Amino acid sequence: MRNIDEHNITDAVIARLGDGRDARLTEVMTALIRHLHGFVREVRLTEREWEQAIGFLTATGQQCDARRQEFILLSDVLGVSMLTVTMNQSRPEGATEATVFGPFHVDDAPHCASGADIAQGAPGTPLDVHLEVVDLQGRPVVGAEVDTWQADEEGLYDVQRPELGDTRRARGVFLTDAKGQVRFSSVLPMPYPVPTDGPVGQLLLATGRHPWRPAHIHFRIRAPGFAPLITHLFHEGDAYLDSDVVFGVRSSLVAEFERVGHGDAARHRLRHRFVLAPAQAPGSDLPA
Ligand code: BEZ
Ligand code: FE
């Protein structure tokens, strides 16, 4: 086909997709091309703007390494990560809701016994966490793996502090006991900005958006026979609950971090019950 114009180029590109050996890939690519061309037409993209977009995506890729994933951050701030979570993680009534995974999980977090202090020197007000993991009928889930990670009082994860090297703190992996419970101490998390020193930060600035996430603790809970749960607990009263830069807040995940004691003796206490959905619940897209 020659003499392509702005009206027939979309069909011409889709027609090149070949014999569709992978039907899903053909479906996804067809829609991608249609929407991408539609976007270019809608905004009447100029060649200068196209060059700027290529420059932005190039810089985004160049910002990625083993410790930083700027493309995931881009997906997060554009709401694509949360859209994917909400479409794929619909859970039965009563089960704890999921939210974004985020970039700060590590695979080599310390395995801890219930009662451990995972703060390990992280700055912040002491926090005592008491968790329960149950099934939809309220029965304890024994031996569930509870992987938790959080920022400290300065809004930093251990992996964001080069001076810590490979030292891990404010994170840990626990197993629930015979009552389906886990206890640990840590520090009160504080709100923090997502990394702003890269192209995504420039995009937030240019579009008049703040970079803040409300204070939260991350959890990944896994147990045989149950759908894995990736979620957070957010600090009730946080100023950013309604404007989370990555759109991850769900009302059901906002919890009271109750203050106990005063002055130097002040601590906070968090109690929460996680309800796991069975693996492959009927009519659900949840992973096994
Ligand atoms: C986080 O909560 O760790 C996070 C999530 C998305 C983007 C940046 C950070
Ligand atoms: Fe986080």
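The sections below set out a description of the structure shown in this document. Here the structure is a predicted model, which is why all the values come from computation and not from measurement. (Residues numbered from 1 in each chain as written. Chains lettered and ligands numbered in written order. Predicted model: local features only at pLDDT ≥ 70, side-chain atom pairs only at ≥ 80, totals over all residues. Heavy atoms only, no water.)

## Quick notes on the overall build of the chain
Okay, so step 1: For the chain, the count of helices and strands is 6 helices and 11 strands.
Okay, so step 2: The principal-axis extent of the C-alpha atoms belonging to the chain is close to 75 × 45 × 35 Å.
Okay, so step 3: When the 288 residues of the chain are sorted by exposure, 40% land in the buried category.
Okay, so step 4: When contacts within the chain are restricted to residue pairs at least 6 apart in sequence, those whose partners lie at least 24 apart make up 70%.
Okay, so step 5: For the chain, the accessible area works out to roughly 15900 Å², and carbon and sulfur atoms hold 54% of it. (Helix = DSSP H or I, 4+ residues; strand = E, 2+ residues; numbered from the N terminus. Buried < 20%, exposed > 50% of the residue type's maximum accessible area, 1.4 Å probe, protein only. Contact = heavy atoms within 4.5 Å. Areas by Shrake-Rupley, 256 points an atom, 1.4 Å probe, with all protein chains shown as cover.)

## Here we look at the site of ligand 1
Okay, so step 1: In the vicinity of ligand 1, the contacting residues are Leu73, Asp76, Gly102, Pro103, Phe104, Tyr157, Tyr192, Val194, Arg213, His216, His218 and Val246.
Okay, so step 2: Tyr157 places a polar side-chain atom, nitrogen or oxygen, 3.4 Å from an oxygen atom of ligand 1.
Okay, so step 3: One of the side-chain N or O atoms of Arg213 is found 2.5 Å from an oxygen atom in ligand 1.
Okay, so step 4: Protein chains shield 100% of the accessible area of ligand 1, which is 260 Å² for the free molecule.
Okay, so step 5: Elements supplying a minimum of two residues to the shell around ligand 1: α4 (70–77) and β7 (216–222).
Okay, so step 6: Residue composition of the shell around ligand 1, by class: 7 nonpolar, 3 polar and 2 charged. (Near = heavy atom within 4 Å. Polar contact = N/O pair within 3.5 Å; in protein donor to acceptor, adjacent residues only side chain to side chain. Nonpolar A, V, L, I, M, F, W, Y, C, P; charged D, E, K, R; others polar.)

## Here we look at the pattern of salt bridges
Okay, so step 1: The full count for this structure, using the stated rule, is 18 salt bridges.
Okay, so step 2: Across the pair Asp158 and Arg171 runs a salt bridge whose closest N-O atoms are separated by 2.6 Å. Of this pair, Asp158 sits in the loop between β2 (145–150) and β3 (171–175) while Arg171 sits in strand β3, and the two are 13 residues apart along the sequence. For the residue pair Asp158 and Arg171, the accessibility class agrees, reading buried in each case. (Salt bridge = Lys/Arg side-chain N within 4 Å of Asp/Glu carboxyl O.)

## Quick word on the sheet that holds β7
Okay, so step 1: One open sheet accounts for 5 strands, arranged β3-β2-β7-β8-β9; its pairing is mixed. In this open sheet, the two strands that pair with only one neighbour each are β3 and β9 (254–255).
Okay, so step 2: Across 2 bridges, strand β8 (residues 229–235) lies against β9 in parallel orientation. Paired with His235 across the strands is Ala255, a residue of β9. (Pairing = 2+ DSSP bridges.)

## As for the packing of aromatic side chains
Two aromatic rings, taken as a pair, are described by how far apart their centres are and by the angle between their planes.
Okay, so step 1: With the rule as written, the count across this model stands at 7 aromatic pairs.
Okay, so step 2: Look at Tyr157 and Tyr192: their rings are 5.4 Å apart centre to centre, the planes differ by 90 degrees, and that puts the pair in the edge-to-face class. Pair noted here: Tyr157 is in the loop between β2 and β3 and Tyr192 is in strand β5 (residues 192–193), with a separation of 35 residues, a long-range link.
Okay, so step 3: We classify Tyr157 as buried; its relative accessible area is 0%. (Phe/Tyr/Trp six-rings, centres within 6.5 Å; stacked < 30°, edge-to-face > 60°.)

## Side note on the coordination of the iron ion (ligand 2)
For a metal with four tetrahedral donors the ideal donor-metal-donor angle is 109.5 degrees, whereas six octahedral donors ideally subtend 90 or 180 degrees.
Okay, so step 1: Only Tyr157 (OH), Tyr192 (OH), His216 (NE2) and His218 (NE2) from the protein coordinate the iron ion (ligand 2), and they sit 1.9 to 2.1 Å from it.
Okay, so step 2: If you list the donors of the iron ion (ligand 2) from N- to C-terminus, the spacing comes out as Y-x34-Y-x23-H-x1-H. You can see Tyr192 sitting in strand β5 and its partner His216 sitting in strand β7, a full 24 residues away along the chain. (Donors = N, O, S within 2.8 Å, 3.2 Å for Na, K, Ca; no water.)

## Brief notes about the sheet that holds strand β11 (residues 267–275)
Okay, so step 1: Sheet architecture is open: 4 strands sit in the order β4-β1-β11-β10, paired in mixed fashion. Taken across any chain shown, the strands that pair with only one partner, and hence form the sheet edges, are β4 (181–187) and β10 (258–260). On average, each strand axis in the sheet is inclined to that of its neighbour by 25 degrees, with strand direction left out of account.
Okay, so step 2: Two elements, strand β1 (residues 126–134) and β11, share 8 bridges in a ladder whose sense is parallel. Following the sheet pairing, His130 is matched in β11 by Arg271. (Axes fitted to C-alpha atoms, helices over the stretch in contact; angles between N-to-C directions.)

## Observations regarding the pairing of β2
Okay, so step 1: Of all 6 residues in β2, 6 are buried, a share of seventy percent or more.
Okay, so step 2: Both faces of β2 are covered, namely the face carrying Glu145, Asp147 and Trp149 and the face carrying Val146, Thr148 and Gln150.
Okay, so step 3: With 5 bridges connecting them, β2 and β3 associate as antiparallel partners. Bridging across to β3, Thr148 finds its partner in Gly172.

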